[in-house]
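One letter stands for each residue in the lines below.
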Amino acid sequence: MKKLLALILSLAMVLSFAACGGEKVQDETAAVDDGFKIGFVFLHDENSTYDANFINAAKAATEAMGLTEDQVMFKKNIPESAECYDAAADLADAGCDIVFADSFGHEDFMIQAAKEYPDVVFCHATGTKAHTEGLDNFYNAFASIYEGRFLAGIAAGLKLNDMIEKGDITAEQAKMGYVGAYPYAEVKSGLTSFFLGARYVCPEVTMDVKYTNSWFDIAAEKETANALIADGCVLISQHADSEGAPKACEEAGVPNVAYNLDTRDWGPNTALISSKINWQPYFEHIIDAVQNDKEITQDFCGGLEEGVVETLGLNDAVAAPGTVEKLEEIKAKLISGEIKVFDTATFTAKNFKSDNVTLDAEGHVIGYKADVDSDEAFTGDTEAIADGYFHESEYRSAPYFDIDIDGITTK
């Protein structure tokens, strides 16, 4: 009886296949059985604003691309050590076609894995070596986040102007504070572009910077923000990955400009605006490329125009009047190229000591050999000044602007 039923079922399947058109049914079966997988390596977890931004983008991108849960694998809290290689290798062994890691210190371990798994694509955010390693399966990605930080600086400068006009501070007291993670080019590029944005609308502004020497340390970031406030900083921003600085600002009643996430829940009375990299377009790019045998951009770097750089969380309760309109105006000028963030006419660097820098008599940077092809000695190898501005993230995706400009003081 069982054999008869099996024969009937088999015959029914054959007739159904013929009636529907065999080729179409085979295509649909192939789509359902797609074995594609992607794995992600994160330095921290959702408690880090930096990693939460990546995690949220990964979930959005994989859902938008139609991937199921069993096609997406996450490795969280992976330090910048050999544990990164182990995590990447585990993902490759698990059948992942793409392995992505999100932190600068992951890069060498990702390269090690890429060499050992030549049939797997390895992608890495904030890294510097893809264009010099000569590997066909290793790629870097970043974004022109300096555009977003410049816009956040515009909002900050307008807030300072509003505070001056209201008599809350004097023009001489228009000093911002900045909580930095490390004195790396990535952080210096961001803090400088933020400062230049603020000074674009508030010429009197100055800024103090303190480094925590950690990407994620809630207590240290809060303590550093409080120290800057105690030193007379009337607005705080940061390149650090926790709620430490925003919460310190809320407790002190000091406006705060954040990074990666909307922080209005942490600081409803003080959160001003945030900037972030939207990683969803990049994740969709690499998934599409691998699934459809397309080329992956070796040094991916999107900006405002592509929707890869964004501002978010503008707080109407804190922002100065006219901020929305001004941000729209400046954004359009950044996209058109009318405004260059690192226009060398807008800053001087009289006290910056480097064999790579050439200054004119007024202290403007007229030549700078940037360390684009990174080595341990940070040797300058690429002229980054042309057409009157510093060409950030054009010769590789990761930032290489590391000039200490006048108006910014490191404490």
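Up top is the structure these notes are about.
Here the structure is a predicted model, which is why all the values come from computation and not from measurement.

Enquirer: Pulling in residues and values, what's your account of the nonpolar core?
Expert: Among the nonpolar cores identified, the biggest contains 95 residues, and L160, M176, Y282 and F283 are the most heavily contacted of them. In terms of residue count, the dominant contributor to this core is helix α7 (residues 145-166) (eleven residues). Excluding residues within four positions of it along the chain, M176 makes contact with A156, L160, F194, F195, A198, V205, T206, M207, D208, C233 and L235.

Enquirer: I'd like to hear about the packing of α7 against helix α8 (residues 185-201), residue by residue, with values.
Expert: Relative to each other, α7 and α8 sit at 40°, their axes nearing to 6 Å. By the angle between their directions, the pair α7 and α8 is classed as oblique. Along this stretch, α7 crosses α8, giving a crossing that reads as right-handed. Note on element contacts: α8 touches α7 through S189, G190, L191, S193, F194, L196, G197, A198, Y200 and V201, opposite Y146, R149, F150, A152, G153, I154, A156, G157, L158 and N161. A per-class count over the contact of α7 with α8 returns twelve nonpolar, seven polar and one charged.

Enquirer: An account of the packing of α7 against helix α12 (residues 323-336) is requested, with residue identities and associated values reported.
Expert: With their axes 10 Å apart at the nearest point, α7 and α12 run at an angle of 150° to one another. In terms of axis orientation, α7 runs roughly antiparallel to α12. For α7 against α12, the interelement crossing comes out right-handed. On α12, the residues that touch E147, F150, L151, I154, A155 and L158 of α7 are T323, K326, L327, I330, K331 and L334. Grouping the constituent residues of the contact of α7 with α12 by class yields eight nonpolar, one polar and three charged.

Enquirer: Any details on the sheet that holds strand β15 (residues 382-383)? Residues and values, ideally.
Expert: One open sheet holds the three strands; their spatial order is β13-β14-β15, and the pairing between them is antiparallel. Each edge of the open sheet carries a strand with a single partner, namely β13 (357-359) and β15. Strand direction decides the pairing type here: β13 and strand β14 (residues 365-370), joined by three bridges, are antiparallel. Among the inter-strand pairings, L359 is bridged to a residue of β14, identified as V365.

Enquirer: Tell me about the environment of N226, and please be specific about residues and values.
Expert: Its location among the elements puts N226 in helix α9 (residues 218-230). Given the relative accessible area of 33%, N226 is considered partly exposed. Once the C-alpha coordinates of N226 and A245 are considered, the two residues, 19 residues apart in sequence, prove to be 7.9 Å apart.

Enquirer: Explain the packing of aromatic side chains to me, and be specific about the residues and the numbers.
Expert: Enumeration according to the criterion identifies 30 aromatic pairs in this entry. Aromatic pair F342 and F390: ring centres 6.2 Å apart, planes at 65°, arrangement edge-to-face. Here F342 is found in the loop between α12 and β13, whereas its partner F390 is found in strand β17 (residues 389-390), with 48 residues between them in sequence. Of the two residues examined, F342 and F390, each falls in the buried class. Here F390 and F401 contribute two aromatic rings whose centre-to-centre distance is 4.9 Å and whose plane-to-plane angle is 75°, an arrangement assigned as edge-to-face.

Enquirer: Kindly report on the side chain of N315, identifying the contributing residues and their values.
Expert: Tracing the backbone shows N315 in the loop between β12 (309-312) and α12. Aside from chain neighbours lying at most four places away, what touches N315 is R264, G267, P268, A271 and L272.

Enquirer: Can you explain the pattern of salt bridges? Please cite residues and give values.
Expert: Evaluation of the coordinates by the stated rule reveals 14 salt bridges. We note a salt bridge from K294 to D288, for which the minimum N-O separation is 2.9 Å. Within this structure, K175, D208 and K411 form a network of salt bridges that share partners.

Enquirer: Can you lay out the pairing of strand β1 (residues 38-41) for me, pointing to particular residues and giving the numbers?
Expert: For a regular strand, side chains alternate in direction, first toward one face of the sheet and then toward the other. Across the two faces of β1 the burial is the same, with I38 and F40 and G39 and V41 all buried. Of the pairings in the sheet, the one linking β1 to strand β3 (residues 98-101) comprises four bridges and is parallel in character. Within the sheet, the bridge partner assigned to V41 lies in β3 and is A101. Relative to strand β2 (residues 72-75), β1 runs parallel, the two sharing four bridges. Each bridged residue has a counterpart across the sheet, and for G39 the counterpart in β2 is M73. In the classification by handedness, the crossover that spans β1, the intervening helix α3 (residues 49-64) and the parallel β2 is right-handed.

Enquirer: So what about the sheet that holds strand β11 (residues 299-302)? Which residues, and what values?
Expert: Whenever strands of a sheet pair, they do so through backbone hydrogen bonds, lying parallel or antiparallel. Strand order in the open sheet made by the six strands is β2-β1-β3-β4-β5-β11, with parallel pairing throughout. Looking along the sheet, the strands with just one partner apiece sit at the ends: β2 and β11. Shown here is a sheet whose adjacent strand axes are inclined to one another by a mean of 20°, direction ignored. Contacting β1, β2, β3 and β4 (121-125), helix α4 (residues 82-93) crosses the sheet at an angle of about 170° to β1.

Enquirer: Summarise the pairing of strand β5 (residues 138-143); cite the residues concerned and give the values.
Expert: A large share of β5 lies buried, amounting to six of its six residues. Residues F138, N140 and F142 of β5 are buried on one face, and the alternating residues Y139, A141 and A143, pointing to the opposite face, are buried as well. With four bridges joining them, β4 and β5 adopt parallel strand pairing. Following the sheet pairing, A125 is matched in β5 by A141. Pairing of β5 with β11, which is carried by four bridges, proceeds in the parallel orientation. For F142, the partnering residue across the bridge sits in β11 and is C301.

Enquirer: Lay out helix α5 (residues 107-116) with the relevant residues and their values.
Expert: Within the sequence span of α5, burial applies to E107, M110, I111, A113 and A114. Axial view of α5: buried residues confined to an arc of 165°, hence all on one face. Buried residues along α5 sit against α4, β3, β4, α6 (130-133) and β5.

How each quantity is defined
- Residues numbered from 1 in each chain as written.
- Predicted model: local features only at pLDDT ≥ 70, side-chain atom pairs only at ≥ 80, totals over all residues.
- Heavy atoms only, no water.
- Core = buried A, V, L, I, M, F, W, Y, C linked by side-chain atoms within 4.5 Å.
- Buried < 20%, exposed > 50% of the residue type's maximum accessible area, 1.4 Å probe, protein only.
- Helix = DSSP H or I, 4+ residues; strand = E, 2+ residues; numbered from the N terminus.
- Contact = heavy atoms within 4.5 Å.
- Axes fitted to C-alpha atoms, helices over the stretch in contact; angles between N-to-C directions.
- Parallel < 35°, antiparallel > 145°, perpendicular 65-115°, else oblique.
- Left-handed = near helix turned anticlockwise from the far one by under 90°.
- Nonpolar A, V, L, I, M, F, W, Y, C, P; charged D, E, K, R; others polar.
- Pairing = 2+ DSSP bridges.
- Phe/Tyr/Trp six-rings, centres within 6.5 Å; stacked < 30°, edge-to-face > 60°.
- Salt bridge = Lys/Arg side-chain N within 4 Å of Asp/Glu carboxyl O.
- Right-handed = clockwise from strand over helix to strand, strands pointing away.
- Arc of directions from axis to C-beta.

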